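Coordinate analysis (summary)
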Amino acid sequence: MYRYKNILLRILCVALLVVSCTNIAYAHSGRTDSSGGHRDNKNVSGLGSYHYHCGGYPAHLHTSGYCPYRDTFPSSVSVKAEKTSLYLGESTTINGSVYPSNACNTQIDWECSDSSVISLRNNTIEAVGFGTATITGTSFNGKTASIKITVKEKPVELVSIEEELISLELGKTFNVQATVNPTDATNTELEWKSENPDIVTVTADGVITAMACGKTTIYAAANNGISDSVTVEVNEIVATSIAIEGDSQIQIGSTTNLQAVFTPHDTTVQDVTWEISDTSIAEISQEGVLNALNIGTATVYAKQKDVETSIQIEVMPINVSEIIITPSSDEKINIGESMDFSAEVLPENATYPAVTWRTNDENIATNDENGVLQAHKSGEVIVIAETEDGCTAEYPLKINNPIQGVIVGVGVVGVIAAAAVVIKKKKKI
Ligand SMILES: [Zn+2]
Ligand SMILES: [Zn+2]
């Protein structure tokens, strides 16, 4: 019974189709061509000048070459992405599916809502900017599906500074190195900061400079707050040795400035303690100014913490540089007469100004400790004045024999006798 009904229904359907087809065929006569369509130049169908019936269907078009009666058109599209969240620079593929799977055309056209965020090439996408973009897949018959892709930074997970403690001498610089992981993090830039810039400053590149003695912490932080730090301690540059520069021979009564020279030369502690072994010889100030008090030697010490040095200094007399001999009279001197000589010693502050007198020929004249010359015999003699430190001066002198002068000029006998006595006397001496 059921089977019979079913067959009856089919026959009825076919009959209806034939009727409708016949009706349309009547509306515009003409054969179908090799493509299965025919012309409708007067556009009786309202579909244009060409359409299809495909074996009895109502007049229809074959959009994109597909028949809506005979072909299966896509009913929906789905879109999937390997990742919907990308880091800048990262790429992934988009997969689109058309349903049903036996659809006559499974092609999908892709479109991106923001090319500044996502660069689209076929079904490969690349993250080119931060933000969100929508990728839409469209089937040939206009069915669509979309997916949102977000582009974000690849975050820094670890910042590490190799050193735990950096010891820096005052005034010195050091480039602190920090590594960032992962190395392909979007923003590997670090912000450097010093806890106390009075002690240590740090540049944007991590170069630290020791400004003052003390201890502080240097931080390197990524833009997401991940950071590491290092303790930096700043110490003085301590001298490893000292040398004393300056005169080691100083004239009595004068001052000289001794200098302490440190090794290394950039020692930051420049103060030094000065001492002298014998303060009766010389005094020294804490600025290194030595005041020579008495002739002699002493040891000068320059001390700083654990280093010390010393030099021997000698306080020297002020030597006589010049003696000027002056006779009491510029008159001639005769045998038996005396004459005073005085000596001016220069410089005036010479340590040993005392002069001793003598002559180069004591037969002709002698000169006592007070500079009083006694003429004994006629002739030429040199008066010599000498100081203790060996400076000498000479004064040439001519001693006349007045009797001889008389003999030659006047010829008085008695005077000759007297003169002879003087000569005798002189000889006795
Ligand atoms: Zn037709
Ligand atoms: Zn068709």
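As a reminder, the structure under discussion sits directly above these lines.
The following refers to the structure shown. These numbers were taken from a predicted model, which means no experiment stands behind them.

Moving on, we get to the side chain of Thr217. Among the structural elements, Thr217 can be located in strand β18 (residues 214-221). Residue Thr217 is classed as buried on the basis of its relative accessible area of 14%. Once you skip the residues sitting within four places of it in the chain, Thr217 turns out to touch Lys193, Ser194, Glu195, Ser229, Val230 and Thr231.

Looking now at the packing of aromatic side chains. We describe a pair of aromatic rings using the distance from one ring centre to the other and the angle between the two ring planes. Evaluated as defined, the whole model comprises seven aromatic pairs. For the pair Tyr57 and Tyr69, a centre-to-centre distance of 4.5 Å together with 10° between the ring planes defines the contact as stacked. One end of the pair, Tyr57, is in the loop between β2 (50-52) and β3 (76-81); the other, Tyr69, is in the loop between β2 and β3, with 12 residues separating them in the sequence. Ring centres of Phe341 and Trp357 lie 6.3 Å apart, and the angle between their planes is 45°; this geometry places the pair in the tilted category. Pair noted here: Phe341 is in strand β31 (residues 338-346) and Trp357 is in strand β32 (residues 355-359), with a separation of 16 residues, a long-range link.

On to the environment of Gly296. Relative to the helices and strands, Gly296 resides in strand β27 (residues 296-304). Separated by 18 residues in the primary sequence, Gly296 and Glu314 have C-alpha atoms spaced 5.8 Å apart. Apart from the residues within four sequence positions on either side, Gly296 is in contact with Ile281, Ile313, Glu314 and Val315.

So, on to the state of the cysteines. Taken as a whole and judged by the stated rule, the model has zero disulfides. The closest cysteine sulfur to the non-disulfide-bonded Cys104 is located on Cys67, 9.6 Å from its own sulfur. Since its relative accessible area comes to 23%, Cys104 is described here as partly exposed.

This part takes up the pattern of salt bridges. Scanning the entire structure with this criterion turns up six salt bridges. Between Glu169 and Lys172 there is a salt bridge, and its shortest N-O distance comes to 3.1 Å. Among the salt bridges present, the one from Glu386 reaches Arg358, with a minimum N-O distance of 2.8 Å. On the criterion of sequence distance, the pair formed by Glu386 in strand β35 (residues 379-387) and Arg358 in strand β32 is long-range, its members being 28 residues apart. You can call Glu386 partly exposed: its relative accessible area is 23%.

Rules of the game
Residues numbered from 1 in each chain as written. Chains lettered and ligands numbered in written order. Predicted model: local features only at pLDDT ≥ 70, side-chain atom pairs only at ≥ 80, totals over all residues. Heavy atoms only, no water. Helix = DSSP H or I, 4+ residues; strand = E, 2+ residues; numbered from the N terminus. Buried < 20%, exposed > 50% of the residue type's maximum accessible area, 1.4 Å probe, protein only. Contact = heavy atoms within 4.5 Å. Phe/Tyr/Trp six-rings, centres within 6.5 Å; stacked < 30°, edge-to-face > 60°. Disulfide = S-S within 2.5 Å. Salt bridge = Lys/Arg side-chain N within 4 Å of Asp/Glu carboxyl O.

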